[in-house]
Structures are given as structure tokens and as C-alpha cells.
Amino acid sequence: LPLAALAFAAVAVPLDGQSIDLSRARLVDLTHPLNARTLYWPTSPSTFELQRLAWGPTPAGWFYAANAFSAPEHGGTHLDAPVHFGEGRLPVDRLPLDLLVVPVVVIVVSAQAARDPDYRLSAGDVLAWESRHGLIPAGSIVRLRTGGSARWPDARAYLGDDTPGDASNLHFPSYGTDAARLLVEERRVAGLGADVASIHYGPSTDFPVHRLAARAEVYGLENPT
């Protein structure tokens, strides 16, 4: 199980060990809809397909609804397990929950990405963030906010190219290798997330961020809103 579709949500979580009062918590859905307009990696051989199995009254008189659906793994809001780019690494069903329910650090690079569609987060960006907010805690998830989700689900605007079956001319921002190495190897984060199609930037052909993360059992969160 290299990938998994998730219902991502954000909630203010106390770090002092106290229980959460869910009646006062604010839940924020961070997922894009899973439907006929969902974007998938360009080389995926199919997209989202929904088959209606039942919809209407049964012979006994009550209403009944049921569907079947299929979709490629790499599309919509989803998690990349370490095994996606690391042989023998953890699949989705073996990721411990204490790696998933953790504090989130948000680094905003929307201004840089507006100037450069292929912008890559640098180690300098991370250190600048820490100079203002403090050291990124080990075991947290870093979420890179580029502003890319505003272009969903326009494939050309979101991915930089909409040629079917071709991933050779994509343009979108994400993590640079030096920033990923700092976060994974020195800060020891649990996950890397980005509001774009991948934790590597669009033109990448050798995917160093994915490979670096996989070696450390760090997962990726891709296409959140």
C-alpha cells in the first residue's frame, strides 16, 4: 500500500497532555473532493470512476443506495507512504498513529511561488521560519503552503501542463533537496506536506526529496487544500 486517500483535518491540539474538548474544537477539512474532476498524476492510466449499483426503492418498499468506485492511487488529497519510493519501507497500513496525529508546522512561500512557478523551498527558508517561530519540533508534520490549491481542479493551471500521459513538462513549486534534508535528517519530522501535486517540484526527473524521505520512513502529504 504505497498510497492512501485520507480525510485530512486540522484541529487545535494542546501539547500539554490535556484532553481536547471536541465541543469547542474547530475542525477544518483539508481535502479536495474525490469525483470526476479529481486531478491525477498525468501518467495514471485512468481517473475516478463511479458505478451506481443501486439507487431507488427495493421490491420490499424501502430506499436503498450503493455504489462502487475505482481510482488510481496517486491523485486527490492523499498520503505517500515511505514504500512509495523506498523498497522495504513502511506501507500505509503499518504507519503508527503516533506519526500521523502530530503538531503541524506551516511554512508559507506563496509570494515566492507567485514569482517562480518552479520555486523550491530552501534550507534558508526553513531557518528564516525558525528565527521567527522557534525550532521545528521533531515528530511534527511540515506543510508547505504555496497557494497552488487555489488552482484546483484546472489541470493546466495546477500542474503547469495538461498533456495526457506526459509528466515531462510539469511546473509547480515544492521542496528543495537541501530543505528536505534539513527537515528529515536534522529536524527529524514525521511528514512533509505540500498543497501541490508532489513533495518534489514539477520539473524533477530523479525525485530526490521522495527518495530522501523514504529512506527515513518519512511520509508525504500531497494535494491538501
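For the structure, see preceding data.
Residues numbered from 1 in each chain as written. Predicted model: local features only at pLDDT ≥ 70, side-chain atom pairs only at ≥ 80, totals over all residues. Heavy atoms only, no water.

Visitor: What's the story with the overall build of the protein in this structure? I'm lost.
Guide: Each helix and strand in the protein was counted, giving five helices and twelve strands. Taken against the 2.2 N^0.38 rule, which gives 17 Å for 225 residues, the C-alpha radius of gyration of the protein at 19 Å falls within 12% of a compact globule. By principal-axis analysis of the C-alpha atoms, the protein measures approximately 65 × 50 × 35 Å. Burial statistics for the protein: of 225 residues in total, 42% are counted as buried. Sequence-distant contacts, at least 24 apart, represent 70% of the contacts inside the protein between residues at least 6 apart. Accessible surface computed for the protein: about 12,300 Å², of which carbon and sulfur atoms make up 54%. Averaging the locations of the 18 positively and 24 negatively charged side chains of the protein gives two centres separated by 4 Å. (Helix = DSSP H or I, 4+ residues; strand = E, 2+ residues; numbered from the N terminus. Rg over C-alpha atoms; globule rule 2.2 N^0.38 Å. Buried < 20%, exposed > 50% of the residue type's maximum accessible area, 1.4 Å probe, protein only. Contact = heavy atoms within 4.5 Å. Areas by Shrake-Rupley, 256 points an atom, 1.4 Å probe, with all protein chains shown as cover. Lys, Arg positive; Asp, Glu negative; His and termini not counted. Charge placed at Lys NZ, Arg CZ, Asp CG, Glu CD.)

Visitor: Looking at this structure, how should I read the nonpolar core?
Guide: In globular proteins that are soluble, nonpolar side chains generally tend to be buried together. In terms of nonpolar packing, the biggest core is built from 34 residues, with Ile107, Leu121, Ile136, Val142, Tyr175, Leu183 and Leu192 touching the most fellow members. Elements with a contribution of two residues or more to this core: strand 7 (104-108), helix 2 (123-133), strand 9 (141-145), helix 3 (155-159), helix 4 (177-186), strand 11 (191-194) and helix 5 (208-215). Per-element tally for this core: the top contributor is helix 4, with five residues. Grouped together as the second largest cluster of nonpolar side chains are nine residues, Leu79, Val102, Tyr219 and Leu221 included. (Core = buried A, V, L, I, M, F, W, Y, C linked by side-chain atoms within 4.5 Å.)

Visitor: I keep staring at the pattern of salt bridges and nothing clicks. Help me out?
Guide: Pairing of side chains with opposite charge becomes possible as their charged atoms draw close. Overall, the coordinates contain five salt bridges when judged by the stated rule. One salt bridge in this structure joins Arg156 and Asp161, with 3.8 Å as the shortest N-O distance. On the basis of relative accessible area, Asp161 is assigned to the buried category, the value being 8%. For the salt bridge of Arg156 with Asp162, the shortest nitrogen-to-oxygen distance reads 3.5 Å. Salt bridges sharing partners connect three or more residues here, namely Glu130, Glu186 and Arg187. (Salt bridge = Lys/Arg side-chain N within 4 Å of Asp/Glu carboxyl O.)

Visitor: How should I be thinking about the side chain of Asp125 in this particular structure?
Guide: Tracing the chain through its elements places Asp125 in helix 2. This buried residue, Asp125, is left without a salt bridge; Arg132 holds the nearest opposite charge, at 7.8 Å. Not counting the four nearest positions on each side in its chain, Asp125 is found in contact with Gln112, Tyr119 and Arg120.

Visitor: Would you mind going over the environment of Ala157 with me for this structure?
Guide: Along the chain, the position of Ala157 falls in helix 3. A C-alpha to C-alpha distance of 35 Å links Ala157 and Leu53, two positions 104 residues apart in sequence.

Visitor: Just checking my understanding: could you explain the side chain of Glu130 for this structure?
Guide: Note on placement: Glu130 falls in helix 2. At 2.7 Å, the side chain of Glu130 and the side chain of Arg187 are in polar contact. (Polar contact = N/O pair within 3.5 Å; in protein donor to acceptor, adjacent residues only side chain to side chain.)

Visitor: Could you clarify how one ought to interpret the environment of Tyr201 in this entry?
Guide: One can find Tyr201 in the loop between strand 11 and helix 5. When its relative accessible area of 16% is taken as the criterion, Tyr201 is described as buried. Distance in space between the C-alpha atoms of Tyr201 and Val105 is 20 Å, their sequence separation being 96 residues.

Visitor: What am I meant to see in helix 2 here?
Guide: Since the α-helix packs 3.6 residues into each turn, any two residues three or four apart lie on the same face. Along helix 2, the residues classified as buried are Ala123, Asp125, Val126, Trp129 and Glu130. Projected onto a plane normal to the axis of helix 2, the buried residues spread over an arc of 160° and lie on a single side. Of the residues in helix 2, the exposed ones pointing more than 90 degrees away from the buried face are Ser131 and Arg132. Buried positions along helix 2 lie against strand 7, helix 1 (110-115), strand 8 (120-121) and helix 4. Where helix 2 terminates, the next one or two residues include Gly134, which has phi positive at roughly 100°. (Arc of directions from axis to C-beta.)

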